[in-house]
Amino acid sequence: MDGVRLLRLGKRLTDLGRAMVTDAASAHLTAGELAVVSDVYRHPATSVQEIRARTGFAQSHVSVSVARLREGGLLDATADPADGRRTLLTVSDRARNAVRARVAQPAEPVIAKAVPDPDQARRVTELLDELAALLLP
């Protein structure tokens, strides 16, 4: 397998994964907003500056995304107890529950849509499980 094919496979797997974890409510989010929500999900009680540093996005992009996500009820903000001028962001309970419900779903239905032959879909699932065991920490 060459690098281009590996990148294409990675993109296809990303698209399949996104189909699993993206519901109708989050489908309207941009890729950047999804990245911001994901970052805050992994790093609760975080600031815009910390999100910017981890994602590599411009601060203006992070600030606009955070404002939109707060308006949509996906992020909660509180004043930093150590520095009242700073705002700390956390994924809202509503968003956290929605994410947990989506990621708990099995991948087989999404794979079955991508690979209509049931035997091949089952084989793809087995291979993905094997790859995950080998490549993921």
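Worth saying up front: this structure is predicted, and the values here are computed from it rather than measured.

Another aspect to go through is the overall build of the protein chain. Looking only at helices and strands, the protein chain features 7 helices and 2 strands. Beginning at the N terminus, the succession of helices and strands in the protein chain can be written as α-α-α-α-β-β-α-α-α. In terms of overall size, the protein chain is more extended than a compact globule, its C-alpha atoms giving a radius of gyration of 18 Å where 137 residues would be expected to give roughly 14 Å. Projecting the C-alpha coordinates of the protein chain onto the three principal axes gives extents of approximately 60 × 30 × 25 Å. In the protein chain, which comprises 137 residues, the proportion classed as buried is 25%. A sequence separation of at least 24 residues applies to 45% of the contacts in the protein chain between residues at least 6 apart. Of the roughly 9200 Å² of accessible surface on the protein chain, a fraction of 59% belongs to carbon and sulfur atoms. The distance from the centre of the 19 positive side-chain charges to the centre of the 17 negative ones in the protein chain is 4 Å.

A few words on the confidence of the model for the protein chain. For the protein chain, per-residue confidence averages 90 on the pLDDT scale, and 95% of positions sit at 70 or higher. Averaged pLDDT values over the elements of the protein chain bottom out at 79 in helix α5 (residues 93–103) and peak at 96 in helix α3 (residues 48–55).

To continue, consider the side chain of D39. Within the secondary structure layout, D39 lies in helix α2 (residues 31–42). Look past the residues within four positions of D39 in its chain and what remains in contact with it is I51, R54 and T55.

With that settled, consider a nonpolar patch on the surface. On the surface, M1, L6, L9 and L13 cluster together into a nonpolar patch covering about 400 Å² of accessible area. Along the chain, M1 turns up in the segment before α1 (3–21).

Next up on the list: the pairing of strand β1 (residues 75–80). Across 6 bridges, β1 lies against strand β2 (residues 83–91) in antiparallel orientation. Among the inter-strand pairings, A79 is bridged to a residue of β2, identified as T87. Counted between consecutive antiparallel strands, the loop separating β1 from β2 contains 2 residues.

Turning next to the nonpolar core. Counting residues in each nonpolar core, the largest one holds 14 residues, and the members touching the most others are V36, V40, I51, V66, L69, L75 and L89. Leave out the neighbours within four places in its chain, and L89 touches V40, P44, A45, T46, V48, I51, V66, R70, D76 and A77.

Topologically, S47 is positioned in the loop between α2 and α3. Look at S47 and you get buried, because its relative accessible area is 3%. Residues contacting S47, with those up to four places away along its chain left out, are R86, T87 and L88.

Along its 12 residues, α2 runs 17 Å from first to last C-alpha, staying within 8% of the 16 Å computed at 1.5 Å per residue. Three or more residues of α2 are buried, namely G32, E33, V36, V37, D39 and V40. Summarising the axial view, the buried residues of α2 lie within an arc of 160 degrees, below the 170-degree limit, and thus occupy one face. In α2, the exposed positions that point more than 90 degrees away from the buried face belong to A31 and R42. Buried residues in α2 make contact with α3, α4 (59–71), β1 and β2.

Cut-offs used in this document
All residue numbers refer to position in the chain's written sequence, counted from 1. With the structure being a predicted model, the display of local features is reserved for residues of pLDDT at least 70 and the display and counting of side-chain atom pairs for 80 or more, all residues being used for whole-chain, interface and lining totals. Hydrogens and water are ignored here; the side-chain numbers use all heavy atoms of the structure. Only runs of H or I of at least four residues qualify as helices and only runs of E of at least two qualify as strands under DSSP, and these elements are numbered from the N terminus. Both definitions apply: the radius of gyration is a C-alpha atom measure, and the globule rule equals 2.2 Å times residues to the power 0.38. The buried label applies to any residue whose accessible area, calculated with a 1.4 Å probe on protein chains only, is under 20% of its type's maximum; exposed applies above 50%, and partly exposed to all values in between. By definition, residues are in contact when any of their heavy atoms lie within 4.5 Å. Each accessible area value is a Shrake-Rupley result obtained with a 1.4 Å probe; residue values ignore everything except the protein chains displayed when judging cover. Positive charges come from Lys and Arg alone, negative charges from Asp and Glu alone, with His and the N- and C-terminal ends not counted. Lysine's charge is taken at NZ, arginine's at CZ, aspartate's at CG and glutamate's at CD. Think of pLDDT as the predictor's per-residue confidence, scored from 0 to 100. Only residues whose relative accessible area exceeds 30% and that form no salt bridge enter a patch; like-charged residues are grouped when within 9 Å of one another, and nonpolar side chains (Val, Leu, Ile, Met, Phe, Trp, Tyr) when within 5 Å. We define a salt bridge as a contact between a side-chain nitrogen of Lys or Arg and a carboxyl oxygen of Asp or Glu at a distance within 4 Å. Paired strands, in this sense, are two strands between which DSSP finds at least two bridges. Side-chain atoms within 4.5 Å link the members of a nonpolar core, which is a set of buried Ala, Val, Leu, Ile, Met, Phe, Trp, Tyr and Cys residues. A helix is expected to reach a length of 1.5 Å times the quantity of its residues less one. The arc in question is the one traced by the directions running from the helix axis out to the C-beta atoms.

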